Amino acid sequence: MDGNILDPDGARERLAAWKDRIEKLAADTRTMSDRLQEVRVTATDPKGLVELTIDSTGALVDIKLTSKMERTAPDVVSRTIMETLAQAKNQLADRSQEIIADTVGTESAAARAISESVGNHLRTSPEEESTAAPGPDVDDGTEPQSFMEKW
C-alpha cells in the first residue's frame, strides 16, 4: 500500500482496518459498560460503627450498623455514615476508572472524558465532607449514652 488515494486495494485495506478498529472499540465499550454496571463497593468506618455498600451509580444498597452504635451519639453516627459513604464513592470512582482504563484505555479523548465524568460524578472532596458533617466530638467527661435510650 503506497498511500495513493486512487489505489482501490489500498483504500479497501484502510477501510477494513478502520472497520476493525471500530468493531474492537464497540466490543471494548460493551465490556466496559457491563463491568461498570456490576461494580459494588463496601466500606467500613475505622471505628467499626457502620458498613455500607453502594452500587455502580453510587446509590446506597445496604447498610449495617453494629452494636457499637448504641453507645455512640446520634450526630457521630450520622457523620460516620456520611463519611463512610463518601469513602465508598471515592473507592467506586477509583475502581470505575480502573475498569475504563483496562477496557477502552486512556489514550482516546472519549475514554478520558468518560473517566473524568465518572470521577466528577462520584468523588467527594475533603471540603465537601467537612461541610456536610457536624464538627468533631466534644468529650464532656460523661458516659456515652445511646440515642435509643433518650427515646
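Everything below is about the structure printed above this text.
Figured I'd write up the structure that's included with this text. (Residues numbered from 1 in each chain as written. Predicted model: local features only at pLDDT ≥ 70, side-chain atom pairs only at ≥ 80, totals over all residues. Heavy atoms only, no water.)

1. Digging into the side chain of T103
- Mapped onto the elements, T103 comes out in helix α2 (residues 74-103).
- Only 2.7 Å separates the side chain of T103 from the backbone oxygen of I99, close enough to count as a polar contact.
- When neighbours within four sequence positions are excluded, T103 is seen to be in contact with D28, T31, M32 and R35. (Helix = DSSP H or I, 4+ residues; strand = E, 2+ residues; numbered from the N terminus. Polar contact = N/O pair within 3.5 Å; in protein donor to acceptor, adjacent residues only side chain to side chain. Contact = heavy atoms within 4.5 Å.)

2. Thoughts on helix α1 (residues 8-38)
- Compared with an ideal rise of 1.5 Å per residue, which puts 31 residues at 45 Å, α1 spans 45 Å between its outermost C-alpha atoms and is within 8% of the ideal.
- Taken residue by residue, α1 has G10, D28, M32 and L36 as its buried positions.
- Where α1 is buried, its residues touch α2 and α3 (109-122). (Expected span 1.5 Å × (residues − 1). Buried < 20%, exposed > 50% of the residue type's maximum accessible area, 1.4 Å probe, protein only.)

3. Focus on the nonpolar core
- M32, V41, L52, I54, A88, L92 and I100 are the most contacted members of the largest nonpolar core, which totals 21 residues.
- Elements supplying a minimum of two residues to this core: α1, β1 (41-44), β2 (50-54), α2 and α3.
- At eight residues, α2 tops the list of elements feeding residues into this core.
- Setting aside its immediate chain neighbours within four residues, M32 contacts I99, I100, T103, V104 and I114. (Core = buried A, V, L, I, M, F, W, Y, C linked by side-chain atoms within 4.5 Å.)

4. Looking at α2
- With 30 residues, α2 extends 43 Å between its outermost C-alpha atoms, agreeing within 8% with the 44 Å of an ideal straight helix rising 1.5 Å per residue.
- In the segment just after α2, G105 is the residue with positive phi, at about 85 degrees.

5. A look at a nonpolar patch on the surface
- Taken together, L15, W18 and I22 make up a surface patch of nonpolar side chains, about 330 Å² in accessible area.
- Within the secondary structure, L15 is located in helix α1. (Patch = residues over 30% accessible without salt bridge, like charges linked within 9 Å, V, L, I, M, F, W, Y side chains within 5 Å. Areas by Shrake-Rupley, 256 points an atom, 1.4 Å probe, with all protein chains shown as cover. Salt bridge = Lys/Arg side-chain N within 4 Å of Asp/Glu carboxyl O.)

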